[in-house]
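The chain contents come next:
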Amino acid sequence: MNGWATFHSDLLEQSPLILMGLTKTLQLTAIISLSGLLLGIVIFYASLSRNNTLRCFINAYISFFIGMPLIVLLFLIYFGLPQWGIKLSPFQVAVFGFSLNVAAYNAAYLTSAYNGLDHAQMEAARAQGFSPRQIFKLITLPQVMRLSVPALTNQVIGNLKDSSVAFLIQYTEFFARIQELAATNFQFFKAYLLAAIVYLALVSVIVIAARLIEKRLVIPGFTS
Amino acid sequence: MALIEVRDLVKKFGDQVILNGVNLDIYEGDLKVVMGSSGSGKSTLLRCLNRLEEPTGGKIVFRGENIMAADVDVRALRQSIGFVFQQFALYRHLSVLENVTLALRKLKKLPAAEAKDKALAELERLNMASHAGKYPSQLSGGQKQRVAIARALAMDPAVVFFDEPTSALDPLMTREVADMMNRLHDEGVTMLCVTHDLKLAGQISDKVVFLDKGVVRAEASIETLSQDHADERIRAFFGREADY
Ligand SMILES: Nc1ncnc2c1ncn2[C@@H]1O[C@H](COP(=O)(O)OP(=O)(O)OP(=O)(O)O)[C@@H](O)[C@H]1O
Ligand SMILES: [Mg+2]
């Protein structure tokens, strides 16, 4: 029942594939974290518009993507869109689908931080002669980003964990390779324990990085 | 010629008439105080004068230019009018120094070193230079308000507006801000202050303008208004005990 020997040799044999999978996991996580952040900022900016139609559209966007299970979104794009002649690679689908989803969450975090700000500051900036764009860049965004560091880094952790779902659309990331390993020698417990340890280690790295960022950005008396 | 001439200024919010033909002149070097009860439209008046609020009718002439014209550069207008708020409204993520340099660098486009020198000089003028590295949350109310005044003065405005600058302050800090305003007055800074704080008004000005029901109802010394004015409501407003 032990099977350490076969597990070891299979692990060794498949380690290049597993490492490639791990690289793909990290790649996907990094890309969607960045694109999700940038798109989230754009959506948040648009949500501050005075244009009612645009604001309604943004609210609908956020509700829609927060309400929709990620896997449904990915399947819709991966299996559904080809019926309309749009065929994307698993990687493209993952980046596209995750970004839409992650951006909605990030925009929601930024919005709730914004609601807690002292809005007299924006009025003061307007009275000084700053344009709405300058106010966003110089006052609103720096404050909102600071206040959102914990939520945004939690989202990065979520991105790492959720990226494992991408194996369901044939994106051969880390978890997909671990499943192959498990299937070769039926040592499910060992294979998935290995996966758990790797994910935990990566999450720890993100948590430590987040603490450092938070420390660097700390401003006396500036909390929500 | 007056620096600011307000003629028959009207401001409505929907059907609600807030300002109903205000006439007011502010001359260079004035420290003009406008008083009125809560909701009388004092803030609205100031906000119309720098177009934070769109006036409904009338005329505002600033340095000889009609600033209600369609082609007025509103942002340039605002840069030449300092604004000090009741709640200080300091930028909370910036140090005291950065609060003052921000507009100098981003609007006046001064190089960083020049902006810093200018900001430090203004902070010095308000006795706040030694706090330049602190953040707003580390200051007392009176200190915050002095930083806000320094931030306004740094832009070399033609006039500084004060909207209830002391109503968030205790009497001691009110005195501190009033003294500062008096000193700036001596230095020739043009100021327009709206408040319902009789104590502040008494400390900074001999004469006040009384805004009531959308119009300027009187302009006289507080003493005259409290004792000799024909209208009993005006006597009551100015005769009340300064309530703090
Ligand atoms: N943006 C707005 N929309 C609708 N009504 C407004 C708006 N701003 C002000 N008002 C109304 O205009 C009136 C005058 O308000 P304003 O703030 O100018 O009074 P104030 O004299 O400054 O009062 P306070 O002493 O309380 O500051 C109030 O009745 C207020 O409800
Ligand atoms: Mg007011």
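Within each chain, residues carry numbers counting from 1 in the order of the written sequence. Lettering of chains starts at A and numbering of ligands starts at 1, both following the order in which they are written. Residues qualify for local features only when their pLDDT is at least 70, as the model is predicted, and side-chain atom pairs are given and counted only at 80 or more; totals for whole chains, interfaces and linings, by contrast, use all residues. Each side-chain value is derived from all of the structure's non-hydrogen atoms; neither hydrogens nor water enter the calculation.

Note on exposure labels: buried denotes an accessible area under 20% of the residue type's maximum, exposed denotes more than 50%, and partly exposed covers the range between, all computed with a 1.4 Å probe on protein chains only. A run of DSSP states H or I qualifies as a helix once it reaches four residues; a run of E qualifies as a strand once it reaches two. Both are numbered from the N-terminal end. Across the eleven residues of helix α3 (residues 96-106) of chain B, eight count as buried, placing the element largely inside the fold. For α3 of chain B, the complete set of buried residues consists of V96, L97, N99, V100, T101, L102, A103 and L104 of chain B. Note on contacts: a residue pair qualifies if any of its non-hydrogen atoms lie within 4.5 Å across the two residues. Against α5 (120-128) and α6 (132-162) of chain A together with α4 (112-125) and α5 (141-153) of chain B lie the buried residues of α3 of chain B.

Further remarks concern the packing of aromatic side chains. Residue and element names in this part refer to chain A. Note on ring pairs: Phe, Tyr and Trp rings are taken, using the six-membered ring of Trp, and paired if centres are within 6.5 Å. Classes follow the plane angle, with under 30 degrees stacked, over 60 edge-to-face and the rest tilted. Under the counting rule described, the total for this entry stands at 19 aromatic pairs over all chains. With 6.1 Å between their ring centres and 75° between their planes, W4 and F7 make a pair best called edge-to-face. Taken as a pair, W4 and F7 lie in helix α1 (residues 4-47) at a separation of three residues, close to a single helical turn. The class for F7 is buried, based on a relative accessible area of 5%. Both rings, one in Y78 and one in F79, keep their centres 4.8 Å apart while their planes meet at 75°; by these two values the pair is edge-to-face.

A few words on the pattern of salt bridges. A pair is scored as a salt bridge if a Lys or Arg side-chain nitrogen falls within 4 Å of a carboxyl oxygen belonging to Asp or Glu. Overall, the coordinates contain 19 salt bridges over all chains when judged by the stated rule. Close ionic contact of R126 of chain A with E123 of chain A constitutes a salt bridge, the shortest N to O distance being 3.6 Å. With a gap of three residues between them, R126 of chain A and E123 of chain A both fall in helix α5, about one helical turn apart. For R126 of chain A, a relative accessible area of 24% puts it in the partly exposed group. Overlapping salt bridges, with partners in common, bring together K118, E122, R125, D156, R183 and E187 of chain B in one network.

All right, on to empty space enclosed by the protein then. Using a grid of 1 Å spacing that covers the protein atoms alone, one calls a set of points a cavity when a 1.4 Å probe fits there but cannot get out, and a pocket when the set is open and has protein on both sides within 12 Å along at least five of seven lines; lining residues are those with an atom within 4 Å of a point. Grid points are joined across faces, edges and corners, and a volume is the space filled by probe spheres set on the points. Throughout the structure, instances matching the rule amount to one cavity of 30 Å³ or more. By volume, the largest cavity amounts to about 110 Å³. In terms of lining, the largest cavity is formed by 13 residues, of which the most central are Q128 of chain A together with I81, G82, F83 and A152 of chain B. Secondary-structure elements contributing two or more residues to the lining of the largest cavity are α5 of chain A together with α2 (74-79), β6 (81-84) and α5 of chain B. As a working rule, the residues Ala, Val, Leu, Ile, Met, Phe, Trp, Tyr, Cys and Pro are called nonpolar, Asp, Glu, Lys and Arg charged, and the rest polar, with Gly in that last group. Partitioning the lining of the largest cavity into residue classes produces eight nonpolar, three polar and two charged.

Moving on to a nonpolar patch on the surface. A contiguous nonpolar surface patch, about 250 Å² in accessible area, is contributed by F75, F79 and L168 of chain A. Mapping L168 of chain A onto the fold places it in the loop between α6 and α7 (174-185). Residues qualify for a patch when their relative accessible area is over 30% and they have no salt bridge, like charges being joined within 9 Å and the nonpolar side chains of Val, Leu, Ile, Met, Phe, Trp and Tyr within 5 Å. With residues, only the protein chains shown are counted as cover, and all accessible areas are computed by Shrake-Rupley using a 1.4 Å probe.

Turning our eyes to something else, we now look at the site of ligand 1. Residues and elements named next belong to chain B. Being near a molecule or strand, for a residue, means having at least one of its heavy atoms within 4 Å of it. Taken together, 13 residues lie around ligand 1, and S38, G39, K42, S43 and T44 are the ones closest in. Distance and chemistry together define a polar contact, namely a pair of N or O atoms within 3.5 Å, with one atom able to donate a hydrogen and the other to accept it when in protein, and with adjacent residues in sequence counting only for side-chain atoms on both sides. Contact between ligand 1 and G39: an oxygen atom at 2.8 Å from a main-chain N or O atom of the residue. Here an oxygen atom of ligand 1 and a side-chain polar atom of S43 are 2.7 Å apart. Against a free-state accessible area of 630 Å², the protein chains account for coverage of 60% of ligand 1. Within the shell around ligand 1, the residues separate by chemical class into two nonpolar, nine polar and two charged.

All names here are of chain B. Sheet architecture is open: four strands sit in the order β2-β1-β4-β5, paired in antiparallel fashion. Each edge of the open sheet carries a strand with a single partner, namely β2 (16-26) and β5 (65-66). The pairing criterion is simple: DSSP has to find at least two bridges between the two strands. Where strand β1 (residues 4-13) lies against strand β4 (residues 57-62), five bridges are found, and the strand directions are antiparallel. By the bridge assignment, R7 is partnered in β4 with K59.

Any empty space left between atoms is shown by rolling a water-sized probe over those atoms. Residue and element names in this part refer to chain A. Its boundaries defined by the atoms lining it, the largest pocket holds a volume of some 510 Å³. Lining the largest pocket are 17 residues, with L48, R50, R126, P132 and I135 positioned closest to its centre. Of all the secondary structure elements, the ones that give two or more residues to the lining of the largest pocket are α1, α5 and α6. Per element, the largest residue contribution to the lining of the largest pocket is four residues, and it comes from α6. Looking at the lining of the largest pocket residue by residue, the classes come out as nine nonpolar, four polar and four charged. Taken as a whole, the second largest pocket encloses approximately 330 Å³ of empty space. Around the second largest pocket, the lining is made up of 18 residues, and of these L37, L152, T153, V156 and I213 lie nearest the centre. Broken down by secondary-structure element, the contributors of at least two residues to the lining of the second largest pocket are α1, α4 (90-115), α6 and α8 (188-217). Taken together, the residues of the lining of the second largest pocket sort by class into 13 nonpolar, five polar and no charged.

Our focus in this paragraph is unusual backbone geometry. Residues and elements named next belong to chain B. With phi around 50°, R63 is a residue other than glycine that occupies positive phi space. Following the sequence through the fold, R63 ends up in the loop between β4 and β5. Phi at D156 is positive, roughly 50°, even though this residue is not glycine. For D156, the location among the structural elements is in the loop between α5 and β7 (159-163). On the basis of relative accessible area, D156 is assigned to the exposed category, the value being 52%.

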